[in-house]
Amino acid sequence: MGHCMQEGEGYEDAFVPVPHATSARIIIAMAAADDLELHSCYLAQAFIQAKKLPEGVNGCVFIHPPKGSGEDDDVVFEVCRPLYGIHSSACALHLTLTKWFKSQGFVTAGFKDSIWVREAGGEYKHRLIVSAHIDDTLMACKSLETLEKFKQTFLTRFEGTDEGGVSTYLGAELICYRVNHTITFKQSVYARKSLQIYCAWDATLVKQQLEAGTSLSKEDSPAYVDQAVHSRYHCITGHLSFLVTMTRCDLAFAYAELSKFVQCPGEPHLQAAERVLCYLSGTYDLGLTYGVSNAADHNVL
């Protein structure tokens, strides 16, 4: 099981590539600029739909029968499908998806092994782009007809549901405005919940994340860390990390400063983190908006 793994053992059977948030943002930006359909399919009980890895230390797993099953104490069951909790399950799912996508004419997008692309031709008349973050997918295509045909084929092979147009991705909101060719990607719900956790939803608003002239220093770290300070500081920084990773690049500098002192925060560090929450309270609804203003600046960096 995952919690029993030994360092240096079974890495190849446990590691699974997932698309970075940057990759998701690129797909979203392409969808906005080229007016692509952006849909999603959800895989139900994704891991058990994967093929078991080849026999070996990670491919052959046995479990004791559940209590009350009536089996003898010396009986064990072999796990015939990857299960949640087995460290190689995600890898098995990725390999299963990859094999199927290749059978459909897809190739991986450069070094991104969890994004597949199929150029127009044959069964599908338009280009297809598919990204899979375990069981969360993004599917982009210029033609709704082609995309619907592909989703039908995909859900014939894998059990799941057609989620239609994407409205959320990894907890972030996706708001598509097809008329003006823009897509807004934000985390207002996550930000609001985070603020409520730290009782900062009604905090006094500030215009800057860190006070002008602030210089956080290791000298402010105490010899012995107060556990309450450490726990609150660690959690605040963790919540900011997800925001920065996905949609809030404006918080990147403040997060980078705060993350330097996660192991040994002092009161000045915690006060700085609380100030970032005050800034977030007034800007929780901000996000990224992708689009194209005119043909002249399309695909121009």
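Let us now look at the sheet that holds strand β11 (residues 182-186). The strand order across the open sheet built from four strands is β9-β10-β11-β12, with neighbouring strands paired in antiparallel fashion. The sheet is open, and its two edges are formed by β9 (168-169) and β12 (287-291), each paired on a single side. One ladder, built from five bridges, connects strand β10 (residues 172-177) with β11; its direction is antiparallel. Residue pairing in the sheet places Glu-173 in a bridge with Lys-186 of β11.

Here we come to the nonpolar core. Among the nonpolar cores identified, the biggest contains 25 residues, and Leu-97, Phe-101, Phe-106, Leu-128, Met-139, Phe-150 and Phe-154 are the most heavily contacted of them. Among the elements of the structure, β1 (37-43), α3 (89-103), β6 (128-133), β7 (136-141) and α4 (144-157) are those that each provide at least two residues to this core. In terms of residue count, the dominant contributor to this core is α3 (six residues). In this structure Phe-154 touches Cys-41, Leu-43, Leu-97, Trp-100, Phe-101 and Met-139, once residues within four positions along its chain are discounted.

Going through the model one piece at a time under the given rule, you end up with nine salt bridges. Arg-178 serves as the salt-bridge partner of Glu-37, at 3.3 Å between the closest nitrogen and oxygen. You can see Glu-37 sitting in strand β1 and its partner Arg-178 sitting in the loop between β10 and β11, a full 141 residues away along the chain. When its relative accessible area of 13% is taken as the criterion, Glu-37 is described as buried. Between Asp-285 and Lys-186 there is a salt bridge; the shortest N-O distance is 2.9 Å. Of the two residues, Asp-285 sits in the loop between α8 (267-283) and β12 while Lys-186 sits in strand β11, which places them 99 residues apart along the sequence.

We now examine the side chain of His-269. Checked against the element boundaries, His-269 lands in helix α8. Judged by its relative accessible area of 0%, His-269 falls in the buried class.

The rules behind these values
Residues numbered from 1 in each chain as written. Predicted model: local features only at pLDDT ≥ 70, side-chain atom pairs only at ≥ 80, totals over all residues. Heavy atoms only, no water. Pairing = 2+ DSSP bridges. Helix = DSSP H or I, 4+ residues; strand = E, 2+ residues; numbered from the N terminus. Core = buried A, V, L, I, M, F, W, Y, C linked by side-chain atoms within 4.5 Å. Buried < 20%, exposed > 50% of the residue type's maximum accessible area, 1.4 Å probe, protein only. Contact = heavy atoms within 4.5 Å. Salt bridge = Lys/Arg side-chain N within 4 Å of Asp/Glu carboxyl O.

Don't take any of this as a statement about function, it's just geometry.
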